[in-house]
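Read off the chains here:
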Amino acid sequence: GAVGPEPFLKSAEAVPAIPVAGLTDDPKLWVCFYQGTWVLATVVPGIISIQRSFTPRRGDVVLASPPKSGTTWLKALAFATMARGAYPPADAGHPLLRLNPHQCVPYMERLFTAGEEGLMETLPSPRLMSTHMHHSILPTSITKNPDCKIIYICRDPKDMLVSFFHFVRKVNPNISFSDLFEAACNGTSVSGPIWDHVLGYWNASKASPETVLFLRYEDMLRDPAGNTRRLARFVGQPFSPAEEEAGVVEQIVRLCSIEKLKNLEVNNAGSYGAPFANDWYFRRGGTGDWANHMTPGMARRLDAIVEEKLSGSGLSF
Ligand code: A3P
């Protein structure tokens, strides 16, 4: 049925929004505890609507990630790879040269919150879409569906936190890193607890490797071409010998590199519609910026918490 504001109001009563640590004056960044996960209060209506009404189409690919883990990069790579028939990556008219990657792959929570989910119907198959939801709160129409695939990306939680700090500092220059750090340790940061976010998709990828692909930002940096090939195989569009010969994989990697995207006019001007500006999504890239913001003691503390939570899973950072 139609989704009105009522379910949101009910859930909002049950889970009052609170400010992200250190961000007392901007409701855009308040979080709610929703079904065991900390989510931006502004997208709770969208999450509920996704849970109630999202019906995947055969061939849909959902890109899942916690914020600041390489979502933008994954969107660019998946889009360039899956749409390479229509848009050859070396083409001067490639959409990624004139659109921000977030315009090429819609963020489901925002679309469903805005009541714009009808846009999804206009996308050609195979569709690409993205979410920050934990695996545990995705609808079974996605998680129990052999015709709907998930590609997940995650990153060292310390670098994610530093990246998040720089991002929200654009909204509130007074933000305190140590407040955000405490929230990350307590599991209450946006999309937290981060260990549950990662474990949900990790376990799903172990149980069902043909429908959940688990990628890591650091692996992608080490071997972008190899991981792009994995992605292509996973979505059923492996690169042909002729494409390999023509260097298509390298063209995609180059097109989607931070150096390339960061310098495009589109990514330096305005906003694609999010409350955030396009250039906020491209900062430094790489690994290890945490060392410029955390003491060794802080790093050890967060590492120890994450390690303990992941113990026995076969996954570590
Ligand atoms: P830093 O802030 O550490 O530089 P998300 O896309 O999930 O919001 O994550 C943003 C992080 O990914 C930022 O990290 C950003 O610089 C980095 N990033 C964005 N585009 C990238 C790309 N094409 N290649 C590698 N990293 C990228």
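Computed from a prediction, not measured in an experiment: that's the story for all the values here. (Residues numbered from 1 in each chain as written. Predicted model: local features only at pLDDT ≥ 70, side-chain atom pairs only at ≥ 80, totals over all residues. Heavy atoms only, no water.)

## Comments concerning the overall build of the protein chain
Note the threshold: Strands here mean DSSP runs of E at least two residues long; helices mean DSSP runs of H or I at least four residues long; both are numbered from the N terminus. Contacts are residue-level and defined by heavy atoms, with any inter-residue pair within 4.5 Å sufficient. What sets the accessible areas is the Shrake-Rupley method with a 1.4 Å probe; for residues, cover comes only from the shown protein chains. A residue counts as positive if it is Lys or Arg and as negative if it is Asp or Glu; His and the chain ends are not included. Lys charges are placed at NZ, Arg charges at CZ, Asp charges at CG and Glu charges at CD.
Along the backbone of the protein chain there are 16 helices and 7 strands. Overall, the protein chain is about 55 × 50 × 45 Å in size when its C-alpha atoms are taken along their principal axes. Of the contacts formed within the protein chain by residues at least 6 apart in sequence, a portion of 70% connects residues at least 24 apart. Just so you have it, the protein chain exposes about 13,900 Å², and 54% of that area is on carbon and sulfur atoms. Averaged over its 31 positive side-chain charges, the protein chain has a centre that lies 1 Å from the centre of its 31 negative ones.

## Focus on the packing of aromatic side chains
The test is simple: Working definition: a ring pair exists when centres of Phe, Tyr or Trp rings (six-membered ring for Trp) sit within 6.5 Å. Plane angles under 30 degrees give stacked, over 60 give edge-to-face, the rest tilted. Residue exposure (1.4 Å probe, protein chains only): buried if accessible area is under 20% of the type maximum, exposed if over 50%, otherwise partly exposed. By the criterion adopted, a ring carries a charge over it if an Arg CZ or a Lys NZ lies within 6 Å of its centre and within 35 degrees of its normal.
Taken as a whole and assessed by the stated rule, the structure comprises 13 aromatic pairs. Note on tyrosine 152 and tyrosine 201: the rings are 4.3 Å apart at their centroids and 10° apart in plane angle, and the pair reads as stacked. Here the residue tyrosine 152 occupies a position in strand 6 (residues 149-154), and tyrosine 201 occupies one in helix 10 (residues 194-207), the gap between them amounting to 49 residues. Between tyrosine 152 and phenylalanine 214, the ring centres sit 5.3 Å apart and the planes meet at 40°, which makes this aromatic pair tilted. Taken together, the residues tyrosine 152 in strand 6 and phenylalanine 214 in strand 7 (residues 212-216) connect sequence positions 62 residues apart. A residue is classified by how much of its surface remains accessible, and tyrosine 152, at 0% relative accessible area, is buried. For phenylalanine 214, a relative accessible area of 10% puts it in the buried group. In textbook terms, an aromatic cluster arises when at least three aromatic residues are bridged by ring pairs, as seen for Phe167, Tyr272, Phe276, Trp280 and Tyr281. Across from the ring centre of phenylalanine 167, 3.6 Å away, lies the NZ or CZ of lysine 68, which sits over that ring.

## Description of helix 12 (residues 224-234)
When helix 12 is considered as a whole, its buried residues turn out to be Ala225, Gly226, Asn227, Thr228, Leu231, Ala232 and Phe234. Looking at the buried side of helix 12, the elements it contacts are helix 3 (71-82), strand 6, strand 7, helix 11 (217-222) and helix 14 (248-255). Glycine 236 occupies a position one or two residues after helix 12 and carries a positive phi of about 80°.

## Some points on the confidence of the model for the protein chain
Short version of the rule: You can read pLDDT as the predictor saying how much it trusts each residue, on a scale of 0 to 100.
Overall, the prediction assigns the protein chain a mean pLDDT of 91, with 92% of residues at 70 or greater. When the criterion is pLDDT under 50, residues 1-14 qualifies, and its contacts beyond four places in sequence or with other chains add up to 12 contacts.

## Points about the UniProt feature "domain: Sulfotransferase" (unreviewed entry) in the protein chain
Quick reminder of the rule: UniProt positions are given in the numbering used here, feature names are shortened, and annotations may be inferred rather than shown by experiment.
The sites that UniProt annotates as "domain: Sulfotransferase" (unreviewed entry) are residues 59-314. Here residues 59-314 is 47% helix and 7% strand, with 29 Å between the C-alpha atoms at its ends.

## Considering the site of the ligand
To keep it simple, the criterion reads: One heavy atom within 4 Å of a molecule or strand is enough for the residue carrying it to be called near that molecule or strand. Any pair of N or O atoms that falls within 3.5 Å is considered a polar contact. Within protein, one atom must be able to donate a hydrogen and the other to accept it, and sequence-neighbouring residues count only if both atoms are side-chain atoms. Think of it as three bins: nonpolar holds Ala, Val, Leu, Ile, Met, Phe, Trp, Tyr, Cys and Pro, charged holds Asp, Glu, Lys and Arg, and polar takes everything else, Gly as well.
Around the ligand, the surrounding shell holds 18 residues, and the nearest of these are Lys68, Thr71, Thr72, Ser163 and Gly285. Serine 163 places a polar side-chain atom, nitrogen or oxygen, 2.6 Å from an oxygen atom of the ligand. Residue glycine 285 places a main-chain N or O atom 2.7 Å away from an oxygen atom belonging to the ligand. Considering the ligand on its own, with 560 Å² of exposed area, one finds that the protein chains cover 97% of that surface. The dominant element in the shell around the ligand, judged by the number of residues it contributes, is helix 3, at 3 residues. Partitioned by chemical class, the residues of the shell around the ligand number 7 nonpolar, 7 polar and 4 charged.

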